[in-house]
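What follows is each chain in one-letter form.
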Amino acid sequence: MSTPLSIKELSKKEERFTAGHRMCAGCGAPTVVKMVLMATEYPVIAANATGCLEVSTCIQQFTSWNIPWIHNAFENAAATLSGVETMYRSLKKQGKIDKEIKFIAFGGDGGTYDIGFQSLSGAMERGHDMLYICYDNGAYMNTGIQRSSATPLGADTTTCPVGSANPGKVQERKDLTRIMAAHGIPYVAQASPSNWSDLMKKVKKAHEIKGPKFMNIIAPCNRGWRSKTDDAITLSRIAVNTCYWPLFEIEDGVTRVTYKPKEKKPLVDFLKPQGRFKHLFAPENEWLLNKAQEVVDKNWERLLREEEFTAPRSE
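Everything quoted here is computed from the prediction, not taken from an experiment.

Some details on the environment of N222
- Considering the arrangement of structural elements, one finds N222 in helix 9 (residues 222-225).
- Residue class for N222 comes out buried when judged on its relative accessible area of 13%.
- The residues contacting N222, other than those within four sequence positions of it, are A25, G26, C27, S227, K228 and T229.

Quick word on the pairing of strand 7 (residues 187-191)
- With five of five residues buried, strand 7 is to be regarded as a mostly interior element.
- Judged by which residues are buried, strand 7 turns out to be covered on both faces: Y187, A189 and A191 on one side and V188 and Q190 on the other are all buried.
- The pairing of strand 7 with strand 8 (residues 213-218) spans five bridges and is classified as parallel. Paired with Q190 across the bridge in strand 8 is N216.
- Regarding topology, helix 8 (residues 196-207) serves as the crossover connection from strand 7 to the parallel strand 8, and that connection is right-handed.
- With four bridges joining them, strand 7 and strand 9 (residues 247-251) adopt antiparallel strand pairing. Note on strand 9: the bridge partner recorded for Y187 is E251.

Notes on the pattern of salt bridges
- Applying the stated criterion across every chain yields a total of 23 salt bridges.
- In this structure, the salt-bridge partner of R226 is D156, at a minimum N-O distance of 3.1 Å. Of this pair, R226 sits in the loop between helix 9 and helix 10 (232-241) while D156 sits in the loop between strand 6 (131-136) and helix 7 (176-181), and the two are 70 residues apart along the sequence.
- By relative accessible area, which is 36% here, R226 ends up partly exposed.
- Where K205 meets E249, a salt bridge forms, and the shortest distance between an N and an O atom there is 2.9 Å. Residue K205 is located in helix 8, and its partner E249 is located in strand 9; the two are separated by 44 residues in the primary sequence.
- Its relative accessible area of 27% is what places K205 among the partly exposed residues.
- By sharing partners, the salt bridges in this structure join K92, E100, K102, D129, K210 and K213 into a single network.

Thresholds, definitions, all that
- Residues numbered from 1 in each chain as written.
- Predicted model: local features only at pLDDT ≥ 70, side-chain atom pairs only at ≥ 80, totals over all residues.
- Heavy atoms only, no water.
- Helix = DSSP H or I, 4+ residues; strand = E, 2+ residues; numbered from the N terminus.
- Buried < 20%, exposed > 50% of the residue type's maximum accessible area, 1.4 Å probe, protein only.
- Contact = heavy atoms within 4.5 Å.
- Pairing = 2+ DSSP bridges.
- Right-handed = clockwise from strand over helix to strand, strands pointing away.
- Salt bridge = Lys/Arg side-chain N within 4 Å of Asp/Glu carboxyl O.

In structure tokens:
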């Protein structure tokens, strides 16, 4: 199915995720969800792990979801949706349903990187025809801004607070996108709402590929990042241009970088607007600031090497 990707055409589409939810003003997650659902014409069934998105978009009889939507526990969105997808295949085989329906699971980084990783890994390994979307805001924001394994190096959270004995989180963030690629699934991608066309094209492509797919999408949280309420897209764009959050896809083992900054910006451009990193600019924490830049540079260079190494060779 074709998907219009012009702003004019998209503005005419019926919204599958509507206004009136209780997400924080300026939150990146609802923007991500709206883009994901607008990227396809197929009927969609969604599962949603407990988290900010779930508790704020379906309150008692009020919902922002204009599609069939299932609330799951923190840990089992992928398992639930894999069951629904299996039931769908059975009904289709029996001739009781003839629609081509797509299945999307949504989870934050807490419900994806950590608590929900087991069910996600299982669903991907079993080969269910579904797309899992992680909206990554880098901590357990819904329950009090505790660190997750997606929390960046040096960040200040309520469970790795900055003080005289601690400079923030001292571990590097888990590279979940590559971990999912290591499952051997046909499609994995990383995206950002600042690059909306890239994001939506990747969602559209994922729906045309049979089997399990995974997308990791950055979703700024001004409450946890201690940033301005109107800078989610700006911060998303800076994350991409500093290569903290590179945009790429891995399709059948072939890596392709879908956006390369004309000028790679220094990581400090991404860190300075966020209060969770303000301590890194104290003289005693310069080592951690340097290490964070080194990590970004190392990962970006590795990604470029992977693209070159996996590129199809002409005979």
